[in-house]
Amino acid sequence: MLLLALDTATPAVTVALHDGTSVIASSIQVDARRHGELLLPAVDRVLAEAGLKLDAVTGIVVGVGPGPYTGLRVGLMTADTFGLVLGVPVHGLCTLDGLAYAAEVEGPFVVATDARRKEVYWARYADCRTRVSEAAVDRPAEIADAVAGLPAVGAGALLYPDTFPDARAPEHVAAAALACLAAEKLAAGEELEAPRPLYLRRPDAQVPKNYKVVTPK
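Please read all numbers here as calculations on a predicted model, not as lab measurements. (Residues numbered from 1 in each chain as written. Predicted model: local features only at pLDDT ≥ 70, side-chain atom pairs only at ≥ 80, totals over all residues. Heavy atoms only, no water.)

### Quick look at helix α2 (residues 69-86)
- Between its first and last C-alpha atoms α2 spans 26 Å; for 18 residues at 1.5 Å apiece the expected length is 26 Å, and the two agree.
- Buried within α2 we find G71, L72, V74, G75, L76, T78, A79, F82 and G83.
- Where the residues of α2 are buried, they touch β1 (3-7), α1 (35-50), β4 (59-63) and β5 (90-93).
- Phi turns positive, to about 70°, at G87, one or two residues after α2. (Helix = DSSP H or I, 4+ residues; strand = E, 2+ residues; numbered from the N terminus. Expected span 1.5 Å × (residues − 1). Buried < 20%, exposed > 50% of the residue type's maximum accessible area, 1.4 Å probe, protein only. Contact = heavy atoms within 4.5 Å.)

### Digging into the state of the cysteines
- One pass over the structure, following the stated rule, counts zero disulfides.
- Looking at the unpaired C94, the closest cysteine sulfur is the one in C128, lying at 14 Å.
- A residue is classified by how much of its surface remains accessible, and C94, at 1% relative accessible area, is buried.
- Just so you know, C180 is unpaired, no disulfide at all, and the nearest cysteine sulfur is the one on C128, 11 Å from it. (Disulfide = S-S within 2.5 Å.)

### Description of the packing of helix α3 (residues 95-102) against helix α6 (residues 175-187)
- Where α3 contacts α6, the two axes come as close as 8 Å, and the packing angle between them is 95°. Classified by the interaxial angle, the pair formed by α3 and α6 is roughly perpendicular. Contacts between α3 and α6 involve D97, G98, Y101 and A102 on the former and, on the latter, A177, L178, C180, L181 and E184. (Axes fitted to C-alpha atoms, helices over the stretch in contact; angles between N-to-C directions. Parallel < 35°, antiparallel > 145°, perpendicular 65-115°, else oblique.)

### Topic: the environment of A112
- Within the element layout of this structure, A112 appears in strand β6 (residues 109-114).
- Given a relative accessible area of 0%, A112 falls into the buried group.
- C-alpha of A112 to C-alpha of A157: the two residues are 45 residues apart in sequence and 5.4 Å apart in space.
- Excluding anything up to four places from it in sequence, A112 contacts V120, Y121, W122, V153, G154, A155, G156, A157 and F164.

### Quick notes on the nonpolar core
- Among the nonpolar cores identified, the biggest contains 27 residues, and L93, L96, F109, V111, Y125 and V153 are the most heavily contacted of them.
- The greatest single-element share of this core, amounting to seven residues, is contributed by α6.
- If we skip the residues at most four places from it in the chain, L96 touches G65, P66, V111, T113, Y121, W122, A123, Y125 and A135.
- In this structure, V15, V46, L76 and V88 belong to the second largest nonpolar core, which totals 25 residues. (Core = buried A, V, L, I, M, F, W, Y, C linked by side-chain atoms within 4.5 Å.)

### Quick word on the packing of aromatic side chains
- Tallied over the full model, the rule gives two aromatic pairs.
- Ring geometry for Y69 and Y199: centres 5.1 Å apart, planes at 40°, overall tilted. Of the two residues, Y69 sits in helix α2 while Y199 sits in the segment after α6, which places them 130 residues apart along the sequence.
- Under the relative-accessibility criterion, Y199 is labelled partly exposed at 30%.
- Residues F109 and Y125 carry aromatic rings whose centres are separated by 5.6 Å and whose planes lie at 15° to one another, so their mutual orientation is stacked. With a gap of 16 residues between them, F109 in strand β6 and Y125 in strand β7 (residues 120-127) connect regions that are remote in the sequence. Neither residue differs from the other here; F109 and Y125 are each classed as buried. (Phe/Tyr/Trp six-rings, centres within 6.5 Å; stacked < 30°, edge-to-face > 60°.)

### Looking at the pattern of salt bridges
- Applying the stated criterion across every chain yields a total of six salt bridges.
- Of the charged contacts, one joins R34 and D31 as a salt bridge, the two residues approaching to 3.5 Å between their closest N and O atoms.
- Here R34 falls in the partly exposed class, since its relative accessible area comes to 35%.
- Note that K185 and E190 form a salt bridge whose closest N and O atoms lie 3.3 Å from each other.
- Since its relative accessible area comes to 40%, E190 is described here as partly exposed. (Salt bridge = Lys/Arg side-chain N within 4 Å of Asp/Glu carboxyl O.)

### Focus on α3
- Among the eight residues that make up α3, seven are buried, leaving the element largely enclosed by the rest of the structure.
- All of the buried residues in α3 are T95, L96, D97, G98, L99, A100 and Y101.

By themselves, these observations are geometric and do not establish any function.
What follows is the structure, encoded as structure tokens:
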């Protein structure tokens, strides 16, 4: 087994290789505006670090979000392309699950990422492997009662200390965590999600209201 994992659902552009036993190379760069520019060079860098070629990969793991439309689709389309070219399966994992897996928290907690527009993407967890609510997008004040008293992981938690007073690392998801979680699930015979984007709201980009369509004469 050689899994190539990647995620672009958050400001982190992150890639990792997992050989079925452990992560053998990984990369993470935080830049919310350059997912498309940074992802493929990161893949090349991780493969070079491991001394491997892309055709050695036997499976792709991709974070499906939730996340902003533009960044998220970069990772998903890249994963789909690799899967098609290499003829290997593409597995999807919720990005919040990757953050939860890397969290060093005992007992119930919350994962919250920055959804912009003064909102967070969030979900509750019983432990680092068990999500107990669907991923959602809300204003922090609207979920204060639902998350009261729980530790919280992720950039969204750090942004809103009034709602998440016990905010902890990691801030962003790492592909290394996604790769480890996927490898663990696959080894246990679990079926992973299809690589479909988890969009919880409409794209930020909108057509102007008074947009004028000009037709050629």
